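A look at the structure
Residue-level listing of the chains:
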Protein chains: 2
Amino acid sequence: MSSTIPTLGFAILSVLARADSTGYEIAGRMRNPVARFWTASHSQIHADLRRLLDSGLVGYTTAPGPGPQEKKIYSITAEGLDALREWVTEPPRPQPERDELVLKTYAAWLADPAALIAMFRTALREHEGRLAEYEAAWASVEEEAPAFGTSRFGNMAALRCGLTYERHRADWCRWMIDQLSSSLKPS
Amino acid sequence: MSSTIPTLGFAILSVLARADSTGYEIAGRMRNPVARFWTASHSQIHADLRRLLDSGLVGYTTAPGPGPQEKKIYSITAEGLDALREWVTEPPRPQPERDELVLKTYAAWLADPAALIAMFRTALREHEGRLAEYEAAWASVEEEAPAFGTSRFGNMAALRCGLTYERHRADWCRWMIDQLSSSLKPS
DNA sequence: CTTCACTATGTCAGTTCTTACATAGATGTA
DNA sequence: TACATCTATGTAAGAACTGACATAGTGAAG
């Protein structure tokens, strides 16, 4: 019957529930710090928007665009909002856990400690950078204390996860660097 | 030229660097707590083993198997070990961050708080379960203090990441439940 | 004045991966 | 005895996704 909507479809609906957007804007919003947890290329977003449109979960109005095509401003429909609301509380299906840095760590015993330290230092810098970003955003969102029922609540909750994730990650990288350093000078 | 090896290929090599295994066993080992960070279905593993074989990174010997085909015991070759060693310290490419629970959180403001609390309680129980598993494994690995250069070091380092990840996750779930609870009784 | 980045849509080829199917012996359970 | 589960390999269809290509206006930097 109704073709199942992939998770990316719900990610798109989640963005449109906040503001009407073009496909291009949706891709941009999903690259934004507080919504970085389900990204996709614009080509895939266009494909999925088409499917959501066929299912009646989104609609659009056109406006003159920069390229040869007209620009399409998508918005979520009542049916789309219903589908999104229903999906939100369904238990998330177990995901394939995939983490390249941890995989490399699993095989780290084969490699050169000094090179590994360099790699983890780079990773640490990235995590610390994002952590600083998130902490700045957190300061302003905590002050505001957004109420449940507003989209700001969703932003805050997702941001909180990103914040503690980066903290955990940075801590782990520091621990790795420590371990690898002490393996260099066994003294 | 030399066809690029997908990340799953290196995950397979990482397992074979520890012990010779059949394709079936590789899938099982990747479902094991300390190597849960790059899982795949056996059909994909068979496909990738074929490619690794064509590239000369693995070899195999046969033994009588249960089914109609013979069982193949794969082992990593010297070339495979070289390729793995080289890959380990290359900077990991930025991955698509995908997390269904956080996506649902991002859209949580649209849903029923009570249903959300139930969902997060389920997630919390899962994280706490894995945390207990990891903590038990950690106790024994810490005692042993495996040296760099042995595969146990890789196990320990990956386990450490899993441990602090589950801790962060469980903390966040508890925070979410708190937030949602206080939105129910505004007192 | 040229070049680059940004906005904006879309196609297409190819890769990665999942799910279901197919086969079949051994082992344990009801 | 019957049935499920584990071991073990593989195929095949299709979903999901990436990256390159194609087009084209605006605005900023050099």
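Rules and cut-offs
Residues numbered from 1 in each chain as written. Chains lettered and ligands numbered in written order. Predicted model: local features only at pLDDT ≥ 70, side-chain atom pairs only at ≥ 80, totals over all residues. Heavy atoms only, no water. Helix = DSSP H or I, 4+ residues; strand = E, 2+ residues; numbered from the N terminus. Rg over C-alpha atoms; globule rule 2.2 N^0.38 Å. Buried < 20%, exposed > 50% of the residue type's maximum accessible area, 1.4 Å probe, protein only. Contact = heavy atoms within 4.5 Å. Areas by Shrake-Rupley, 256 points an atom, 1.4 Å probe, with all protein chains shown as cover. Salt bridge = Lys/Arg side-chain N within 4 Å of Asp/Glu carboxyl O. Buried area = accessible area lost by both parts, 1.4 Å probe. Near = heavy atom within 4 Å. Polar contact = N/O pair within 3.5 Å; in protein donor to acceptor, adjacent residues only side chain to side chain. Nonpolar A, V, L, I, M, F, W, Y, C, P; charged D, E, K, R; others polar. Phe/Tyr/Trp six-rings, centres within 6.5 Å; stacked < 30°, edge-to-face > 60°. Lys NZ or Arg CZ within 6 Å of the ring centre and 35° of its normal.

**Some points on the overall build of chain A**
The number of helices and strands found in chain A is 7 helices and 2 strands. For 187 residues, the compact-globule formula gives about 16 Å, and the C-alpha radius of gyration of chain A, at 21 Å, lies well above that figure. Reported as C-alpha extents along the three principal axes, the dimensions of chain A are approximately 70 × 40 × 40 Å. Counting the 187 residues in chain A, one finds 45% classified as buried. Counted over contacts in chain A with a minimum sequence separation of 6, partners at least 24 positions apart contribute 59%. By element, 52% of the accessible surface of chain A is carried by carbon and sulfur atoms, the whole surface being about 9,400 Å².

**Things to note about the pattern of salt bridges**
Tallied over the entire structure, the rule returns 21 salt bridges over all chains. With a shortest N-O distance of 2.9 Å, A:Arg174 and A:Asp171 are connected by a salt bridge. Pair noted here: A:Arg174 and A:Asp171 are both in helix H7 (residues 151–184), with a separation of 3 residues, about one helical turn. A residue is classified by how much of its surface remains accessible, and A:Arg174, at 34% relative accessible area, is partly exposed. Given a relative accessible area of 42%, A:Asp171 falls into the partly exposed group. B:Arg130 serves as the salt-bridge partner of B:Glu166, at 3.9 Å between the closest nitrogen and oxygen. Placement of B:Glu166 in helix H7 (residues 151–184) and of B:Arg130 in helix H6 (residues 113–144) is noted, with a sequence separation of 36 residues between them. When salt bridges with common partners are traced through the structure, they connect A:Glu97, B:Arg130 and B:Glu166 into a single cluster.

**Let's talk about the interface of chain B and chain A**
Chain B puts 67 residues into the contact, and the matching count from chain A is 68 residues. For the pair chain B and chain A, the summed buried surface comes to about 6,500 Å²; carbon and sulfur atoms form 69% of the total. Of all residues in chain B, the largest losses of buried area upon contact with chain A belong to B:Glu100, B:Tyr106 and B:Trp109, amounting jointly to 14% of the total for that side. For the pair chain B and chain A, the number of links is 4 salt bridges. Here A:Arg130 ties to B:Glu97 by a salt bridge, and the two come within 3.8 Å at their closest N and O atoms.

**Re the protein's contact with DNA strand C**
Within the structure, DNA strand C sits among 23 residues, and A:Tyr24, A:Lys71, A:Lys72, B:Gln44 and B:Arg51 are positioned closest to it. The sugar-phosphate share of atoms of DNA strand C within 4 Å of the protein amounts to 62%. In the environment of DNA strand C, a phosphate oxygen lies 3.3 Å from a nitrogen or oxygen atom belonging to the backbone of A:Gly23. Residue assignment for the surface near DNA strand C shows that the elements contributing at least two residues are helix H2 (23–31), helix H3 (42–54) and strand E2 (71–76) of chain A together with helix H3 (42–54) of chain B. By residue class, the composition of the surface near DNA strand C is 7 nonpolar, 10 polar and 6 charged.

**Digging into the packing of aromatic side chains**
The description of two aromatic rings rests on the distance between their centres and on the angle between their planes. What the rule picks out here adds up to 12 aromatic pairs over all chains. Relative to A:Tyr74, the ring of A:Tyr60 has its centre 5.4 Å away and its plane inclined at 55 degrees; by these criteria the two rings are tilted. Of the two residues, A:Tyr60 is situated in strand E1 (residues 58–63) and A:Tyr74 in strand E2; the sequence distance between them amounts to 14 residues. According to the relative accessible area criterion, A:Tyr60 is partly exposed, its value standing at 36%. On the basis of relative accessible area, A:Tyr74 is assigned to the buried category, the value being 6%. Ring centres of B:Phe10 and B:Trp87 lie 4.6 Å apart, and the angle between their planes is 5 degrees; this geometry places the pair in the stacked category. Taken as a pair, B:Phe10 in helix H1 (residues 7–16) and B:Trp87 in helix H4 (residues 78–88) lie far apart in primary sequence, 77 residues in all. Here B:Phe10 matches B:Trp87 in class, with each residue buried. Here A:Arg18 stacks its cationic end above the ring of B:Tyr106, 3.5 Å away from the centre of that ring. If you follow B:Lys72 out to its NZ or CZ, it ends over the ring of B:Tyr60, 5.1 Å from the centre.

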